[in-house]
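Descriptive structure summary
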Amino acid sequence: MSTIHQPPAGARDLLPLEVAQKRWIADRLQAVFHRWGYQRIITSTLEWLETLTAGGAIQRSTVIKLEDSSEGALGLRPELTASIARAAVTRMAGETYPQRLYYNANVFRRAHSGHYGKQLEFYQSGVELLFAGGVLADTEILLLLVECLHNLGLREWNLVLGEAGLTRSLLSPFPDTVREKVRYCIANLDRVTLENLPLSPECLERALLLFDLRGKPEDVLQKVALLDLDETARETVNNLKSLVELLAQNSPVSLPLTLDLSLLETIDYYTGIVFEVVDATHTRILGKGGRYDRLLGLYHPQGQTSPGIGFALNLEDLHACLLSSPQLPQTTPSSDWLVIPPNPQNANAALAYAQKLRASQHLVRVEIDLGGRSREDIRKYARHCRISRLAWIQPDGTPEIETLKV
């Protein structure tokens, strides 16, 4: 088959039913964002490569690069946070803080070598809470995330919570020569490689402790409290305790929370809490996010830094989890009326009558029959498309209304 008859490898088309279903998901999420006071932002799909890589926190290899020019390289956004951070400090200076922003957008990521045909374009809905730090802001974002999942009718999921700053602190005693290898093994749950790294007995014991620092929040925090922590790390542990308590007391559902201090994200701009939502089978990551208190300073003209936190939900994965849900639309919306001019002389009157119907205060979907079909074929088409009301336009311009059982 010629390549012009199909999209490029890694790209895909969305047919009307898929669009309707994903639109239903996005609308449900948007309703929650509005209730929490978040405003929509739309950023450019194209950005300078230096913007997209966030000072090296995002690997260049994941960005689909489009053009090199004398002014610099352009790329397609692999995520939204960096672009929103850039917009906030350059376009929204002087706005009332904090800024609560949300988005519905597509993102693009280059597949690793050897992954020909892997998906390159993704759809996300997410939020960013900018210029606000502290436990209460963290709590708001996580409770907002929980309400989003609850509003979609999802029941079987788990929230995995980590703390990037604390994890970095716990990794600091390892020698520079092996620290990144230890970090990689922990992030990828590779215990075998971790046990075979050239570590002293003391470092190996600490590495295995970090590897297993996941489970019920109270159990994990109890283990961490026994470690030799500096003042900053102790404050972080206390903040985690407060956060877990606030979530337990204010979540609209029984919160399936796992504290995982081995949780490390591939995007390296996070400075505080990090989190992932996974479905109950742990086969899909439905969304992720975290705190990034140094990212905005990369884009500020004077380098002034400000706190931020947010999350992104993956519409494809949410869609896959909801396919069996009775709430998800199973058909595309049908038209309410089919207006038929039986002969060309009635076309003007048919167009006028269709426009009159469309001008209703409420949404009315109206089609016009374009001719060339018998009356029975028109009725057959209407039943197939679930159109129950037909308006046959008479020679004098008046409609003859027919109601079908569909």
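The structure presented is a predicted model; accordingly, all values stated were derived computationally and were not measured. (Residues numbered from 1 in each chain as written. Predicted model: local features only at pLDDT ≥ 70, side-chain atom pairs only at ≥ 80, totals over all residues. Heavy atoms only, no water.)

**Topic: the nonpolar core**
Among the nonpolar cores identified, the biggest contains 70 residues, and Phe 311 and Leu 318 are the most heavily contacted of them. At ten residues, the largest contribution of residues to this core is made by helix H4 (residues 135-151). Excluding residues within four positions of it along the chain, Leu 318 makes contact with Ile 25, Leu 29, Leu 149, Leu 152, Leu 154, Leu 286 and Leu 313. By size, the runner-up hydrophobic cluster in this structure holds 30 residues, among which are Ala 85, Ala 105, Val 278 and Leu 295. (Core = buried A, V, L, I, M, F, W, Y, C linked by side-chain atoms within 4.5 Å. Buried < 20%, exposed > 50% of the residue type's maximum accessible area, 1.4 Å probe, protein only. Helix = DSSP H or I, 4+ residues; strand = E, 2+ residues; numbered from the N terminus. Contact = heavy atoms within 4.5 Å.)

**Things to note about the state of the cysteines**
Applying the stated criterion across every chain yields a total of zero disulfides. Just so you know, Cys 148 is unpaired, no disulfide at all, and the nearest cysteine sulfur is the one on Cys 321, 15 Å from it. The cysteine Cys 203 is free of any disulfide, with Cys 185 supplying the nearest cysteine sulfur at 14 Å. (Disulfide = S-S within 2.5 Å.)

**With respect to empty space enclosed by the protein**
Per the stated rule, a full pass over the model turns up one cavity of 30 Å³ or more. What the largest cavity holds in volume is close to 70 Å³. Lining the largest cavity are Ala 164, Arg 168, Arg 183, Leu 263, Leu 264, Glu 265, Ile 267, Asp 268, Tyr 269, Tyr 270 and Val 274. Classifying every residue of the lining of the largest cavity by side-chain character gives seven nonpolar, no polar and four charged. (1 Å grid on protein atoms, 1.4 Å probe; cavity = no way out; pocket = protein on both sides within 12 Å on 5 of 7 lines; lining within 4 Å. Points joined across faces, edges and corners; volume = space filled by probe spheres on them. Nonpolar A, V, L, I, M, F, W, Y, C, P; charged D, E, K, R; others polar.)

**Describing the sheet that holds strand E4 (residues 72-76)**
Taken together, the three strands give an open sheet; going across it, the order is E2-E4-E3, and neighbouring strands pair in antiparallel fashion. Strand pairing shows two members of the sheet lacking a second neighbour, strand E2 (46-48) and strand E3 (64-69), which therefore form its edges. This sheet shows a mean twist of 30 degrees between the axes of neighbouring strands, independent of strand direction. Bridge analysis of E2 against E4 gives three bridges, and the strand direction is antiparallel. Considered in E4, the bridge of Trp 48 is made with Leu 74. (Pairing = 2+ DSSP bridges. Axes fitted to C-alpha atoms, helices over the stretch in contact; angles between N-to-C directions.)

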